[in-house]
Amino acid sequence: MTAVTSHRVEFAARIGRISVYPTAAGYGDRAAAANLASNESPEPPMPEVLAAIERALGSLHRYPDPAAGRLRERLAGRYGVPVARIAVGNGSCDLLLAAGEALLEPGAEVVYGWPSFSVYPHLAAAAGARAVAVPLDDAERLDLDTIAAEITAATRLVIVCNPNNPTSTALPLEAIEAMLGRIPPHVAVVLDEAYCEFNLLADPDDSIALLAGHPNLMLLRTFSKVYGLCGLRIGFALCGSEALKRALDKVRQPFSCNALAQAAAIEALAHTDEVTRRVERTLARRIGLQEGLAALGLKHAESQANFVWVTLPEWCEEDAIVAGLSARGVLVRAGGALGRERALRVTVGTERENRLFLEALAELLAQPQAA
Ligand SMILES: *Cc1c(COP(=O)(O)O)cnc(C)c1O
């Protein structure tokens with residue numbers, strides 16, 4: 001036997017570069033009174049969707065359709081994008097990571113706004129590429145001019161999150177179209193539209209038209225938010241070219257999207273009326289939450305999503321507020337973990353959850369020592 005020379009496993013260099021994804025504190029705590037930390041739907045999946053999942057259970061001894069053929073056909077019918085330009089994934093994060101793997105490598109650059117989705121920095125770290133993070137403007141919106149100006153000969157990928165997580169703001173489609181016009185056609189653009197259903201500035205169907213003129217564009221959508229299916233993991237990419245779709249598939253395992261998720265998504269697409277009602281209910285509660293924050297004298301960004309980005313007063317200790325809320329059974333995300341100190345990202349929950357949050361926050365702000 002050879003002697004053991006080291007107790008340490010030698011990992012790939014990227015393991016040292018990749019930071020751990022900042023999951024919400026207390027996330028495993030399903031008993032929390034208000035789960036407002038992860039931008040989930042407070043409403044359970046639709047009953048018809050649950051029935052479709054049950055029908056699929058008996059076939060779990062079979063692999064899922066690796067091409068997700070039926071689902072992609074439904075998506076093609078729904079959005080008017082050819083099947084060959086639609087990729088589905090194990091959540092849209094799967095497709096995001098695939099885009100990073102397919103496009104980035106050492107020497108390459110990826111440009112995105114910041115603060116934005118916490119998964120974006122992972123792409124550059126995993127690939128050994130350079131990340132260019134462009135600060136938001138004064139209204140907490142993406143600064144598309146600067147993003148476009150940061151493109152160099154090394155840029156392979158630009159990521160635009162609209163509406164932007166965690167700041168909740170959206171930009172008009174015309175601004176995004178103008179930016180696309182400034183990006184060289186060999187640079188891929190991911191438009192992450194996880195929250196597009198909640199955006200009053202544009203209809204979810206509006207951005208589809210951008211694909212026609214931009215083969216380098218990919219729209220990322222998900223069943224995680226408005227459909228309330230984040231526990232199943234399913235999302236999709238509508239691509240401007242077949243080459244993009246093929247590249248996303250090449251870097252992933254063939255069965256990345258499970259059979260139950262495919263069945264659920266197919267069924268969910270048949271219930272657009274219920275989606276509309278869910279959006280309306282969320283928007284009504286979003287207004288209530290914003291009014292409650294204003295009554296506490298707190299500023300928030302102009303939300304076009306199912307969450308609100310709140311600025312805490314100067315004297316506040318963000319960590320103490322988050323801990324104080326958590327002690328009262330209310331889970332939210334601390335801005336510091338998402339790229340901006342002294343802020344909170346609060347998901348629009350049920351009426352009751354929103355009230356619990358506002359009451360707990362009022363208590364903490366009234367007696368700083370209680371925090
Ligand atoms: C929630 C979210 C997603 C969706 O992730 P899934 O993997 O589909 O659950 C994608 N992008 C952003 C910005 C998000 O906030």
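Above this text you will find the structure in question.
Parameters at a glance
- Residues numbered from 1 in each chain as written.
- Predicted model: local features only at pLDDT ≥ 70, side-chain atom pairs only at ≥ 80, totals over all residues.
- Heavy atoms only, no water.
- Near = heavy atom within 4 Å.
- Polar contact = N/O pair within 3.5 Å; in protein donor to acceptor, adjacent residues only side chain to side chain.
- Areas by Shrake-Rupley, 256 points an atom, 1.4 Å probe, with all protein chains shown as cover.
- Nonpolar A, V, L, I, M, F, W, Y, C, P; charged D, E, K, R; others polar.
- Helix = DSSP H or I, 4+ residues; strand = E, 2+ residues; numbered from the N terminus.
- Buried < 20%, exposed > 50% of the residue type's maximum accessible area, 1.4 Å probe, protein only.
- Contact = heavy atoms within 4.5 Å.
- Pairing = 2+ DSSP bridges.
- Patch = residues over 30% accessible without salt bridge, like charges linked within 9 Å, V, L, I, M, F, W, Y side chains within 5 Å.
- Salt bridge = Lys/Arg side-chain N within 4 Å of Asp/Glu carboxyl O.
- Core = buried A, V, L, I, M, F, W, Y, C linked by side-chain atoms within 4.5 Å.
- Domains from an automatic or database assignment.

Chemist: What exactly am I supposed to notice about the site of the ligand here?
Modeler: In the region of the ligand, 13 residues are neighbours, and Tyr195, Thr222, Ser224, Lys225 and Arg233 sit closest. Note that an oxygen atom of the ligand is positioned 2.7 Å from one of the backbone N or O atoms of serine 92. The fraction of the free accessible surface of the ligand (390 Å²) that becomes covered by protein chains is 94%. By residue class, the composition of the shell around the ligand is five nonpolar, five polar and three charged.

Chemist: I tried to follow the side chain of lysine 245 on my own but got confused; where do I start?
Modeler: Secondary-structure assignment places lysine 245 in helix H9 (residues 242-250). Judged by relative accessible area, lysine 245 falls into the buried class, the value being 12%. A polar side-chain atom of lysine 245 sits 2.5 Å from a polar atom in the side chain of aspartate 249. Ignoring any residue separated from it by four or fewer positions in sequence, one finds lysine 245 in contact with Arg72, Ala84, Arg85, Ile86, Ala87 and Cys239.

Chemist: When you look at the sheet that holds strand S13 (residues 343-347) in this model, what are you seeing that I'm missing?
Modeler: Through backbone hydrogen bonds, the strands of a sheet pair up, either in parallel or in antiparallel fashion. The four strands are arranged S9-S10-S13-S12 in an open sheet whose pairing can be described as antiparallel. Where the open sheet ends on each side, the last strands, each with one partner, are strand S9 (299-300) and strand S12 (333-334). Of the strand pairs in this sheet, S9 and strand S10 (residues 307-311) are connected by two bridges, and their pairing is antiparallel. Each bridged residue has a counterpart across the sheet, and for lysine 299 the counterpart in S10 is threonine 311.

Chemist: Could you clarify how one ought to interpret a nonpolar patch on the surface in this entry?
Modeler: Among the surface-exposed residues, Val9, Phe11 and Ile15 lie close enough to one another that they form a single nonpolar patch of about 340 Å² accessible area. Within the secondary structure, phenylalanine 11 is located in the segment before helix H1 (13-17). Note on phenylalanine 11: relative accessible area 58%, which makes it exposed.

Chemist: Could you clarify how one ought to interpret the nonpolar core in this entry?
Modeler: Generally speaking, nonpolar side chains in soluble globular proteins are found buried as a group. One finds Leu75, Val158, Met179, Phe223, Tyr227 and Leu238 to be the most contacted residues of the largest nonpolar core, which totals 62 residues. Two domains each put at least three residues into this core: domain 1 (24-44 + 273-370) and domain 2 (47-268). Apart from the residues lying within four places of it in its own chain, the contact partners of phenylalanine 223 are Leu75, Gly228, Leu229, Cys230, Ile234, Gly235, Phe236, Ala265, Ala268 and Leu269. Counting residues in each nonpolar core, the second largest holds 28 residues, with Ala98, Val119, Ala188 and Leu244 among its members.

Chemist: What is the right way to look at the pairing of S10 in this model?
Modeler: Side-chain direction in a regular strand flips from residue to residue, so the side chains alternate between the two faces of the sheet. Within S10, four of the five residues are buried, which leaves it mostly tucked inside the rest of the structure. Connecting S9 to the next strand, S10, in antiparallel fashion are six residues. Relative to S13, S10 runs antiparallel, the two being bridged by five bridges. Of the residues in S13, the one forming a bridge with valine 308 is valine 346.

Chemist: Can you help me understand the pairing of S13 in this one?
Modeler: Extensive coverage of S13 is indicated by the burial of five of its five residues. Side chains Ala343, Arg345 and Thr347 project from S13 onto one buried face, and the interleaved Leu344 and Val346 project onto a second face that is buried too.

Chemist: Would you explain unusual backbone geometry in this entry?
Modeler: A negative phi angle characterises most non-glycine residues, just as the trans form characterises most peptide bonds. Cis rather than trans, the peptide bond between tryptophan 114 and proline 115 has omega equal to 5°. Tracing the backbone through its elements, the reader meets proline 115 in the loop between strand S3 (109-114) and helix H5 (120-127). A cis amide bond links asparagine 162 to the next residue, proline 163, at an omega of -5°. Topologically, proline 163 is positioned in the loop between strand S5 (155-161) and helix H7 (173-182). With phi around 55°, asparagine 39 is a residue other than glycine that occupies positive phi space. In this structure, asparagine 39 sits in the loop between strand S1 (34-35) and helix H2 (47-57). Even without a glycine there, the phi angle at arginine 342 is positive, about 55°. Along the chain, the position of arginine 342 falls in the loop between helix H13 (335-338) and S13. Judged by relative accessible area, which is 31%, arginine 342 ranks as partly exposed.

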